[in-house]
Amino acid sequence: MYKRVLIATRTFGKYSDDPIEFLKKEGFEIVRIDRFNLSDLEGVDALIVGTHHVTAEMIERSKLKIIAKHGVGVDNIDLEAATRKGIPVTITAGANSLSVAELTIAFVFALSRGLIWSHNRLFHEKRWEGTVGQEVTGKTFGVIGFGAIGREVVRRSICLGMNVLVYDPYVSKDTIRVFGATPVDELDDLLKESDFVSLHVPLNESTRNIIGEREISLMKKTAFLINTSRGGLIDEEALIKALREGMIAGAALDVFSEEPPSPDSPLFECPNLITTAHIGAHTKEAIYRMNMMAAQAVVDFFNGKIPKYVVNEEVVNLLKHKGYQETS
Ligand code: NAD
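Keep in mind that this is a model prediction, so the values were computed, not measured.

### Some remarks on the sheet that holds strand S4 (residues 66-69)
Ordered by their spatial adjacency, five strands build an open sheet running S2-S1-S3-S4-S5, and the pairing between neighbours is parallel. The open sheet terminates on both sides in strands that have one partner only, identified here as strand S2 (28-32) and strand S5 (89-90). The pairing of S4 with S5 spans two bridges and is classified as parallel. Paired with Ile 67 across the bridge in S5 is Val 89. Contacting strand S1 (3-8), S2 and strand S3 (46-49), helix H1 (residues 18-25) crosses the sheet at an angle of about 135° to S2. With respect to the sheet, helix H11 (residues 284-302) is in contact with S1, S2, S3, S4 and S5, its orientation differing from that of S4 by roughly 160°.

Structure below.
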């Protein structure tokens, strides 16, 4: 008997047929709708979803048995309703860590060599003006947050010959040292000593504005600030002031407190600010990994296995109770 999976994310199968073929081979009938409502879920057993809202009503009144988020943030899915109904909600954890880490390193080079500035002068203004940058080798890189992405950033910066400081009070110092980095007890110390500072922490009430006016004032005037995590981590007004007044040498932002930022945001008038449009996870490889992980979660579930990265723990216990096997 065919199981039906509704795929509601445009990038599923966009760069490779593998995920679609995989689902078909495992006996799934595929339905594709980017925007769906309750009636579209009729007869659907599994949902692979990007950012579309999955409401309590959809969960309660449909026959969905698993929801696989194509990504990591589950704020678009009514988790409580899914948990009440015993439906596992999975995420594609770690699928984009390398991509975000690589963008971070790209920012390090772009800032240190004035790449964007130089490109704009020559390409758009036809001005042949030299810039004097600096090498990154031997410089100090302060990494805030030592999770999946922070670790990949650290690995790469160590290879570049940088001296890496890490601030993450939730990770043991030994774990940080194994990577060749130096753990610091106080964020302030990292800010004072680093030539580059990069944020890799989640946004929550304890990390909101973790970099504000006071923190920026501790940084070297020659230092650069990078944010590829979440907009609310940096107080943007404080950053704008710091860039205008030359309190730091420059910054790179992939994420903003409001996305997209208003076209007349003062950010766009800041000297030495590089911006990208939340592209950290946008690589073909990361998308492929997300496709395959979401498909695998659905396949595992219907093969009687507990899928990896179920976010509603209570449902994991329920599945164990029902005899579902752990995945290796
Ligand atoms: P993760 O959960 O693996 O790691 C986060 C780390 O932050 C953990 O080690 C945790 O201990 C640490 N941390 C938490 N609070 C802290 C604090 N107050 N001070 C210092 N460390 C603290 O997360 P991840 O996968 O590494 O992702 C990090 C961030 O990157 C997330 O906010 C995520 O949303 C963001 N992200 C951005 C993009 C993008 O497109 N730009 C893509 C993916 C993820």
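### Notes on the packing of aromatic side chains
This model, assessed by the stated rule, comprises six aromatic pairs. Each ring, one from Phe 146 and one from Phe 179, has its centre 4.9 Å from the other, and the planes form 85°; the classification is edge-to-face. Highlighted residues: Phe 146 in the loop between strand S6 (140-144) and helix H6 (148-159) and Phe 179 in the loop between helix H7 (173-178) and strand S8 (182-183), separated in sequence by 33 residues. Both residues of the pair, Phe 146 and Phe 179, count as buried. Plain terms: the ring middles of Phe 301 and Tyr 324 are 5.3 Å apart, the flat faces sit at 20° to each other, and that makes the pair stacked. On the criterion of sequence distance, the pair formed by Phe 301 in helix H11 and Tyr 324 in the loop between helix H12 (313-321) and strand S14 (325-326) is long-range, its members being 23 residues apart. Looking at Phe 301, the relative accessible area reads 7%, which means it is buried. Three or more aromatic residues joined by ring pairs make a cluster, and in this case those are Phe 28, Phe 301, Phe 302 and Tyr 324.

### Comments concerning the sheet that holds S6
Here seven strands make up an open sheet; going across it, the order is S8-S7-S6-S9-S10-S11-S12 and the pairing parallel. Pairing within the sheet leaves two strands with one partner each, and these edge strands are S8 and strand S12 (273-275). Alignment of S6 against strand S9 (residues 196-199), held across four bridges, turns out to be parallel. By the bridge assignment, Phe 141 is partnered in S9 with Phe 196. Across the sheet, helix H10 (residues 236-244) touches strand S10 (224-227), strand S11 (250-253) and S12, and the angle it forms with S11 is around 145°.

### Some points on the site of the ligand
Taken together, 23 residues surround the ligand, and among them Ala 148, Ile 149, Asp 168, Thr 228 and Asp 254 come closest. Ala 148 is positioned such that a nitrogen or oxygen atom in its backbone is 2.9 Å from an oxygen atom of the ligand. Contact distances for the ligand include 3.1 Å between an oxygen atom and a side-chain N or O atom of Arg 230. Across the complex, the protein chains shield 80% of the 860 Å² of accessible surface that the ligand would expose by itself. Taken together, the residues that form the shell around the ligand break down as 11 nonpolar, nine polar and three charged.

### Brief notes about the nonpolar core
Among the nonpolar cores identified, the biggest contains 30 residues, and Ile 144, Leu 190, Ile 211, Leu 225, Leu 239 and Ile 248 are the most heavily contacted of them. For this core, the secondary-structure elements that each account for two or more residues are strand S7 (163-167), helix H8 (187-193), S9, H10 and S11. Residues within four places of Ile 248 in sequence aside, it is in contact with Ile 216, Met 219, Lys 220, Lys 221, Ala 223, Leu 225, Leu 239, Ala 242 and Leu 243. If you look at the next biggest cluster of nonpolar residues, it comprises 25 residues, including Ala 101, Val 164, Phe 179 and Phe 224.

Conventions adopted
Residues numbered from 1 in each chain as written. Predicted model: local features only at pLDDT ≥ 70, side-chain atom pairs only at ≥ 80, totals over all residues. Heavy atoms only, no water. Pairing = 2+ DSSP bridges. Helix = DSSP H or I, 4+ residues; strand = E, 2+ residues; numbered from the N terminus. Contact = heavy atoms within 4.5 Å. Axes fitted to C-alpha atoms, helices over the stretch in contact; angles between N-to-C directions. Phe/Tyr/Trp six-rings, centres within 6.5 Å; stacked < 30°, edge-to-face > 60°. Buried < 20%, exposed > 50% of the residue type's maximum accessible area, 1.4 Å probe, protein only. Near = heavy atom within 4 Å. Polar contact = N/O pair within 3.5 Å; in protein donor to acceptor, adjacent residues only side chain to side chain. Areas by Shrake-Rupley, 256 points an atom, 1.4 Å probe, with all protein chains shown as cover. Nonpolar A, V, L, I, M, F, W, Y, C, P; charged D, E, K, R; others polar. Core = buried A, V, L, I, M, F, W, Y, C linked by side-chain atoms within 4.5 Å.

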